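# Inside the fold
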Amino acid sequence: MSDTIAINDKISIERVGDVALIRIDNPPVNATGQAVRQGLQDAITQINAEGTAKAVAIYAAGRTFVAGADIREFGKPFVPPALPDVFNIIEASAIPVISVLHGTALGGGLELGLSTHARIGIEGLRVGLPEILLGLLPGAGGTQRMPRLTGVPFALEMILSGRQVPAKEALEAGIIDRLESGDPREVALKAAQDVIAGTLKTRRTDQIAVVPDQAALDQTAAHLKKTQSHLYSPHKCVEAVAAAVLPMAEGLKIERAAFMDCMNTPQRAGLIHAFFGERAVSNIPEAKGPARDITHVGVIGGGTMGSGIATACLLAGLRVTLVEVAQDGLDRGIATITGNLDGAVKRGKLKADKRDSTLAMLTTSLDMGALADVDLVIEAVFEDMGVKKDIFGKLDAICKPGAILASNTSYLDINEIAAVTSRPQDVIGLHFFSPAHVMRLLEIVVADKTAPDVVASGFALAKKLGKVGVRAGVCDGFIGNRILAHYSKTASYLVLDGATPQQVDSALEGFGFAMGPHKVGDLAGLDIGWMTRKRKAATRDPKERYAGAVADRICEEGWFGRKTGKGYYVYEGKDITPNLAVDRFIAEEREKAGITPRPFTDQEIVDRYMTAMISEAARVVEDGTARRPLDVDMVFLFGYGFPRHRGGPLHYADTIGAAALVARIKDYAKEDATYWQVPALLEKMAANGTSFADMNKEA
Ligand code: 3HC
C-alpha cells in the first residue's frame, strides 16, 4: 500500500510501508529554488515529527537529479530557508535518510546527497561541484563534507576543476556508496528497505574525521597564486577546504562567509552571464523552425580550416566528403584530419576503439562532382572572391536540389557569393574558428535571401557539433572579425605612442586574456594581417592613422611570428624573448611620424583597448549585425579567448557604464577624432541611463 501527499508543488512524500520516499519535481533540472528548499525542510521535519517511517529516501523526477542551486535567484533578494540550513536538518535527521542520484548531481544537488546518510548512484550518473565555473564555491557544505568522504586532495581537485566525475570514479572515491541501475523511485524504495534490513549501512558525513593534509593545501594555494591570481573564487575554495579540519559547524560558517564573498564579486556576475548567454544565444525564433536533414557534409579545401571542419563533422558522426584540387593538398588534408582524430583520442574526446570507424566516414575526391549527393557543402578555400564565386557557380550545377551551400569565409560578402547561384535561398555563411574541431564558436551568417530552414539548419548543425551558434548579419568581418579589425589598431597605436609590445601584452594578460595581442599575432601568423592591410590599402580612409607601420617592418624581414621563429618575440625551443629588432623598428617609425613617446600605465592600456572593442561592438549591435549585446559577448567568449569571468565585452561595458564610456571616447578623440568616435547607441544609452543588459532583456 502506498499513499502520497504533496508538501508543495515541487516536493511530495510517498509512504510505502516503513519507507518514506521524498520526490523532488522541479523541471527542467530540479534546481533547489525556494520552494524546493522549503519543501525538503518541511518534509524531513514532518517525517521526523511523525516518527513512523524507519528510512527515508530522496530521489528526483525527470531526466536528472538536482543540478544545484537555482542560479536565476542569485543577485535577487534572498528568501529563506538557506540551503546549508536545510542540509543540516537532513543530516541531523534521527531517521536515516539516503539519496538516489541519477543523471547529474551538481553543486547544491551533490551537496544535498552529501548531507544524506548514504548515496546510491544510478548508472550513467555524473557528479560534480561546478560552482567554481560560476565564480563561486560549494556553499552548502560541499567544501566540508567532500573532504570527509574523499580526503583533501581529491576534494580540492574536484572543487577547483568543477569537472563532472563519472559514476564509477565517484564510487571508488567514496562519494557514492553503491551503483545500481533502474528507475530512481524503484531503486530508492529498494535501498531504503535495505537500510531497514541492515544491508545498506548509513552514517552521518559530519561524524567522519577529515585526514589533515596541510601539504596539499599549501601546494595548491601556491600553484593558484602563480596561475590564477586574477581570479577570486579558487583561492576562497582552498580557504574553505582548509576549514574542514575544524568541527563541522565552524567549518560551515567559514564556508558560508567565503561563499557570500564570492557571490558579491563582478566575477560571479560575469560567469553567470556567460552561463545563461551560452544558452540564450541560440534560443531565437530563427533557430527553432524546421531544419533540413544533414547527414553527409562536403568540405572543399583540405587546409587547416577545411580539415578542422571535416574533423568536427566526423566527430559528430556525420559522413564527410573532402574535395581538393590536387593530390598533395588532399594528402595533407587526410594527414591533418587523421592527426586531429588521434589528438581527440588523446584528449578523451573520441574513444580509441571508435577512431578507425570515424575515419572511415571520410571519403575524398579531386572532383567536385563527388558532392552531387551531399546535404551541405562547406567551402573553406582561401579568401578570394573570384575563386569563391567560381566554386559556388560549379556547386550550383553539381549539388542536388535543397543542398545547403555554405562558405566559411571570415569576411567576404555572402550576398555576392549567393548571387552567382540560381538558388541564393540555399546559401549561408558558416564561419568556424581555428582549430575548427576545438573552438566552440560558429558564426551563422544570414544573407538577404537565405531561407529560414537554412538558417535553422545552421543552428541545428552547431548543436550537433557541440558548438555555440551565433547569428550574424553580412558585413566585412561579421561580428567578431569586424570588431577585431577595429580594436586591434589600438594595440598598434599604444606601441607607436610609447608602450612596448610586451607591456601591452602583459597589461591585457593581467586583465584576463590568455595571451596579449602581439603574442596572438605571432601565433596566428603576422602575414595574415599584412595581406589584409595590402588588400585594403587602396580603400583605406586617408584621414585614418595607419596602424600597420611596425607590423609591416617585421613582415618585410620575413618574420611572420612563431612559424618563422621570429615576430614581436623570438621563439627558441620553449624560450620566448622580446625581438630586439622590433624596438628599433618602433623607434624609427615613431621618428618618421614625429611622435614623442610617453609612458602608459597598464590601466590606461586596458581602458583604451577595451573602449575601442566596446565602441565597435556597440556599432555592430546598433546596425543589427548582432541581434543582441549578449550575441557579441558569446562571440568573444567562444571565439576570441575573452576572459570568461568578465562576461564578454558588452557585459564588461555595463560595469563601466555608458556615460563613462562616452566621456572616455570624447577624451581620446582630442588626439584622434577619426578613430575615436562615439557610437550613436552608446550616446543614446548614456542619455537614457540604460545598459546593454536592459537590451538583452528586451530582445
Ligand atoms: N539553476 C537554474 N536554471 C538552470 C540551472 C540552475 N542551476 N541549471 C540549468 N538550468 C536551466 C538552463 O538555463 C536551461 O534553461 P533554458 O531551457 O531556459 O535555457 C535548462 O535549465 C536546461 O539546462 P541545459 O540546457 O544546460 O540542459 P543540459 O541537459 O544540457 O545540461 C546540466 C543540464 C548539466 C544540469 C546543466 O544545465 C548545468 O551544468 N547546469 C548548471 C549546474 C551548476 O552549475 N550547478 C551549480 C549551481 S551553484 C550552487 O549549487 C551553489 C551551491 O553550492 C550553494
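Note that this is a predicted model, so its numbers are computed, not measured.

The rules behind each value
- Residues numbered from 1 in each chain as written.
- Predicted model: local features only at pLDDT ≥ 70, side-chain atom pairs only at ≥ 80, totals over all residues.
- Heavy atoms only, no water.
- Helix = DSSP H or I, 4+ residues; strand = E, 2+ residues; numbered from the N terminus.
- Rg over C-alpha atoms; globule rule 2.2 N^0.38 Å.
- Buried < 20%, exposed > 50% of the residue type's maximum accessible area, 1.4 Å probe, protein only.
- Contact = heavy atoms within 4.5 Å.
- Areas by Shrake-Rupley, 256 points an atom, 1.4 Å probe, with all protein chains shown as cover.
- Lys, Arg positive; Asp, Glu negative; His and termini not counted.
- Charge placed at Lys NZ, Arg CZ, Asp CG, Glu CD.
- Expected span 1.5 Å × (residues − 1).
- UniProt positions renumbered as here; feature names shortened; annotations may be inferred.
- Domains from an automatic or database assignment.
- pLDDT = per-residue confidence, 0-100.
- Pairing = 2+ DSSP bridges.
- Right-handed = clockwise from strand over helix to strand, strands pointing away.
- Near = heavy atom within 4 Å.
- Polar contact = N/O pair within 3.5 Å; in protein donor to acceptor, adjacent residues only side chain to side chain.
- Phe/Tyr/Trp six-rings, centres within 6.5 Å; stacked < 30°, edge-to-face > 60°.
- Lys NZ or Arg CZ within 6 Å of the ring centre and 35° of its normal.
- Salt bridge = Lys/Arg side-chain N within 4 Å of Asp/Glu carboxyl O.
- 1 Å grid on protein atoms, 1.4 Å probe; cavity = no way out; pocket = protein on both sides within 12 Å on 5 of 7 lines; lining within 4 Å.
- Points joined across faces, edges and corners; volume = space filled by probe spheres on them.
- Nonpolar A, V, L, I, M, F, W, Y, C, P; charged D, E, K, R; others polar.

## Details of the overall build of the protein
Check the secondary structure of the protein and you find 30 helices and 20 strands. Against the globule reference of 27 Å for 699 residues, the protein gives a C-alpha radius of gyration of 28 Å, in line with a compact fold. In terms of principal-axis extent, the alpha carbons of the protein reach across some 85 × 60 × 55 Å. Within the span of the protein, comprising 699 residues, buried residues form 55% of the whole. Restricting to contacts in the protein with at least 6 residues of sequence separation, those with at least 24 account for 72%. Summed over its atoms, the accessible surface of the protein is roughly 29,000 Å², and 55% of this surface lies on carbon and sulfur atoms. Taken as two groups, the 78 positive and 84 negative side-chain charges of the protein have centres that lie 1 Å from each other.

## Considering helix H14 (residues 327-346)
Compared with the 28 Å implied by 1.5 Å per residue over 20 residues, the 29 Å span of H14 between its first and last C-alpha is a close match. Where H14 is concerned, the buried positions are Gly-329, Leu-330, Gly-333, Ile-337, Thr-338, Asn-340, Leu-341, Gly-343 and Ala-344. Against the buried residues of H14 lie helix H13 (304-315), strand E12 (319-323), helix H15 (355-359) and strand E13 (362-365). Gly-348 sits one or two positions beyond H14 and adopts a positive phi of about 80°.

## Observations regarding the UniProt feature "domain: 3-hydroxyacyl-CoA dehydrogenase C-terminal" (unreviewed entry) in the protein
UniProt's feature table lists "domain: 3-hydroxyacyl-CoA dehydrogenase C-terminal" (unreviewed entry) at residues 477-571 and 605-689, given in the numbering used throughout. The distance separating the terminal C-alpha atoms of residues 477-571 is 30 Å; by composition the span is 59% helix and 3% strand.

## Here we look at the domain arrangement of the protein
Many analyses report the size of an interface as the accessible area lost when the parts associate. Along its sequence, the protein is organised into domain 1 (2-263), domain 2 (295-475) and domain 3 (481-698). Once you take the C-alpha centre of each, domain 1 and domain 3 turn out to be 45 Å apart.

## What to know about the confidence of the model for the protein
This prediction gives the protein a mean pLDDT of 96; 100% of its residues lie at or above 70. Under the prediction, the complex receives an ipTM of 0.98, its pTM being 0.93.

## Comments concerning the pairing of strand E11 (residues 296-300)
The buried count for E11 comes to five of five residues, which makes it a mostly enclosed element. A two-sided burial pattern is seen for E11, the buried positions comprising His-296, Gly-298 and Ile-300 on one face and Val-297 and Val-299 on the other. Pairing analysis gives five bridges linking E11 to E12, with the strands arranged parallel. Its bridge partner lying in E12, His-296 is registered against Arg-319. Following the backbone out of E11, through H13 and into the adjacent parallel E12, one traces a crossover that is right-handed.

## Quick look at the UniProt feature "domain: 3-hydroxyacyl-CoA dehydrogenase NAD binding" (unreviewed entry) in the protein
Mapped onto this numbering, the UniProt entry annotates "domain: 3-hydroxyacyl-CoA dehydrogenase NAD binding" (unreviewed entry) at residues 296-472. The span residues 296-472 carries 39% helix and 22% strand; its end-to-end C-alpha distance comes to 25 Å.

## Let's talk about the pairing of strand E4 (residues 55-60)
Among the six residues that make up E4, six are buried, leaving the element largely enclosed by the rest of the structure. Taking every second residue as pointing to the same face, both faces of E4 are buried, with Ala-55, Ala-57 and Tyr-59 on one and Val-56, Ile-58 and Ala-60 on the other. Note that strand E3 (residues 19-24) and E4 share six bridges and pair parallel. Opposite Ala-20, over in E4, you have Val-56 as the bridge partner. One crossover worth recording links E3 to the parallel E4 by way of helix H1 (residues 34-50), and it is right-handed. Alignment of E4 against strand E5 (residues 97-101), held across three bridges, turns out to be parallel. Within the sheet, the bridge partner assigned to Ala-57 lies in E5 and is Ile-98.

## A short note on the site of the ligand
Near the ligand lie 25 residues; those nearest to it are Arg-63, Ala-67, Glu-111, Glu-131 and Arg-279. Ala-69 places a polar main-chain atom, nitrogen or oxygen, 2.8 Å from a nitrogen atom of the ligand. A distance of 2.6 Å separates an oxygen atom of the ligand from a polar atom in the side chain of Glu-131. For the ligand, the protein covers 74% of the area, taking 990 Å² as the surface of the free molecule.

## Structural notes on the packing of aromatic side chains
The relative placement of two aromatic rings is captured by the distance of their centres and the angle of their planes. Applying the stated rule across the entire model yields 15 aromatic pairs. Between Tyr-493 and Tyr-675 the ring centres are 5.0 Å apart and the planes differ by 90°, which places this aromatic pair in the edge-to-face class. Residue Tyr-493 is found in helix H19 (residues 480-497), and its partner Tyr-675 is found in the loop between helix H28 (658-669) and helix H29 (680-688); the two are separated by 182 residues along the sequence. Note on Phe-513 and Tyr-609: the rings are 6.2 Å apart at their centroids and 85° apart in plane angle, and the pair reads as edge-to-face. With Phe-513 in the loop between helix H20 (501-511) and helix H21 (517-524) and Tyr-609 in helix H25 (residues 602-622), the pair connects residues that are 96 residues apart, well separated along the chain. By relative accessible area, which is 9% here, Phe-513 ends up buried. Among the aromatic residues, those joined into a cluster by ring pairs are Phe-433, Tyr-487, Phe-511, Phe-513, Tyr-609, Phe-636, Tyr-640, Phe-642 and Tyr-652. Taking NZ or CZ as reference, Arg-279 lies 3.7 Å from the ring centre of Phe-275, over its face.

## What about the pattern of salt bridges?
Going through the model one piece at a time under the given rule, you end up with 51 salt bridges. Lys-536 is the partner of Asp-476 in a salt bridge, and the nearest nitrogen-oxygen pair spans 3.7 Å. A residue pair is termed long-range when its members are at least 10 positions apart, and Asp-476 in the loop between strand E18 (468-473) and H19 and Lys-536 in helix H22 (residues 526-536) qualify at 60 residues. Its relative accessible area of 39% is what places Asp-476 among the partly exposed residues. By relative accessible area, which is 29% here, Lys-536 ends up partly exposed.

## Looking at the environment of Ala-626
With respect to the helices, strands and loops of the structure, Ala-626 is situated in the loop between H25 and helix H26 (629-639). Note on Ala-626: relative accessible area 1%, which makes it buried. Residues Ala-626 and Gly-480, spaced 146 residues apart in sequence, show a C-alpha to C-alpha distance of 9.7 Å.

## Considering the side chain of Glu-255
Along the chain, Glu-255 falls in helix H10 (residues 248-263). No salt bridge forms around the buried Glu-255; measuring N to O, its nearest opposite-charge neighbour Arg-256 is 6.1 Å away. At a separation of 3.4 Å, a polar atom in the side chain of Glu-255 contacts the main-chain amide nitrogen of Ala-140. Residue contacts for Glu-255: discarding those within four places in its chain leaves Leu-137, Pro-138, Gly-139, Ala-140, Gly-141, Gly-142, Thr-143, Gln-144 and Ala-240.

## Re empty space enclosed by the protein
Under the counting rule described, the total for this entry stands at two cavities of 30 Å³ or more. Empty space within the largest cavity amounts to approximately 40 Å³. Every residue lining the largest cavity is listed: Ile-294, Leu-376, Ile-404, Ile-428, Leu-430, Val-454, Ser-457 and Gly-458. Of all the elements in the fold, those that place two or more residues in the lining of the largest cavity are strand E16 (427-432) and helix H18 (452-464). Here the residues of the lining of the largest cavity sort into six nonpolar, two polar and no charged. Counted as a void, the second largest cavity has a volume near 30 Å³. In this structure, the second largest cavity is lined by Ser-492, Val-495, His-518, Val-550 and Tyr-568. The residue makeup of the lining of the second largest cavity, split by class, is three nonpolar, two polar and no charged.

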